[in-house]
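Structure at a glance
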Amino acid sequence: MPIGVVVKRQPGVTRWAKHSWKATAILPGAAEADWRELRRDGEVVEFHAGTVTLELFGAETEAYVHGLGAQVPCVYVVMRAMPDPDKPFELLLITASPYEAQDYCDTGEELVEKVAMTPGLEAWVRDFVERFHEDEEFIKRRRHRDRIDKVEDGIGDPRIGGLGDVYASPSLQKRRLS
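So, a few notes on the structure that sits alongside this text. (Residues numbered from 1 in each chain as written. Predicted model: local features only at pLDDT ≥ 70, side-chain atom pairs only at ≥ 80, totals over all residues. Heavy atoms only, no water.)

Turning to the pattern of salt bridges, a few remarks are in order. Enumeration over the complete set of coordinates arrives at seven salt bridges. Note that Glu-110 and Arg-80 form a salt bridge whose closest N and O atoms lie 2.6 Å from each other. With a gap of 30 residues between them, Glu-110 in the loop between α2 (98-107) and β7 (111-116) and Arg-80 in strand β5 (residues 74-81) connect regions that are remote in the sequence. (Salt bridge = Lys/Arg side-chain N within 4 Å of Asp/Glu carboxyl O. Helix = DSSP H or I, 4+ residues; strand = E, 2+ residues; numbered from the N terminus.)

Okay, the packing of aromatic side chains next. Throughout the structure, instances matching the rule amount to six aromatic pairs. Between Trp-21 and Trp-35, the aromatic rings sit 5.8 Å apart at their centres with planes inclined by 90 degrees, giving edge-to-face as the arrangement. Taken together, the residues Trp-21 in strand β2 (residues 19-28) and Trp-35 in the loop between β2 and β3 (36-41) connect sequence positions 14 residues apart. Each member of the aromatic cluster is reached from another via a ring pair, and the members are Trp-21, Trp-35, Phe-47 and Phe-89. (Phe/Tyr/Trp six-rings, centres within 6.5 Å; stacked < 30°, edge-to-face > 60°.)

Taking strand neighbours across the sheet as the criterion, the four strands line up as β2-β1-β4-β3 in an open arrangement whose pairing is antiparallel. Both edges of this open sheet fall to β2 and β3, since each of them pairs with a single strand only. For this sheet, the mean inter-axis angle between neighbouring strands, taken without regard to orientation, is 25 degrees. (Pairing = 2+ DSSP bridges. Axes fitted to C-alpha atoms, helices over the stretch in contact; angles between N-to-C directions.)

Turning next to the sheet that holds β5. Strand order in the open sheet made by the three strands is β6-β5-β7, with antiparallel pairing throughout. Sheet topology places β6 (89-95) and β7 at the edges, where each strand pairs with a single neighbour. Across the sheet, the mean angle separating the axes of adjacent strands is 25 degrees when strand polarity is ignored. Two elements, β5 and β7, share six bridges in a ladder whose sense is antiparallel. What sits directly across from Tyr-76, in β7, is Lys-114.

Here it is as structure tokens:
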């Protein structure tokens with residue numbers, strides 16, 4: 001689904017940042033745009049920065065369920081800063097997966113903004129999840145019953161062989177030499 005992204009430019013709050021940029025809204029089904037000015041109120045300007053395709057994948061339905069379970073379901077807009085003052089950000093991606101958004105946050109190179117879903121978009125994502133989501137049954141891993149900690153020979157670990165273990169007890173050192 002094509003999603004338009006609205007980005008707001010405000011005056012910066014410090015002398016080092018001339019402007020503050022934030023993705024504030026989405027426009028589901030929007031046509032192509034290239035930083036078209038939508039609204040101006042003094043120094044605050046809102047732009048239709050561009051339109052990106054939101055794709056949903058059957059393998060990611062667990063992430064979508066997690067995102068839809070939030071108090072306010074959101075999509076995540078991923079942007080990269082550009083040197084061009086007329087087009088300060090490149091829109092890379094829009095995703096409904098909080099897990100994928102977290103991956104982009106970890107790099108620190110992209111700006112990731114959380115934007116509330118419109119009711120229609122939320123219904124579209126819920127419909128996709130209802131059709132393709134399958135709960136995975138949790139299977140607990142069985143532990144080995146063998147006890148490997150029955151013998152205590154001082155600080156050294158008896159499972160690690162080596163004559164250079166200065167922390168090994170004298171009885172352990174005798175066993176190693178024989």
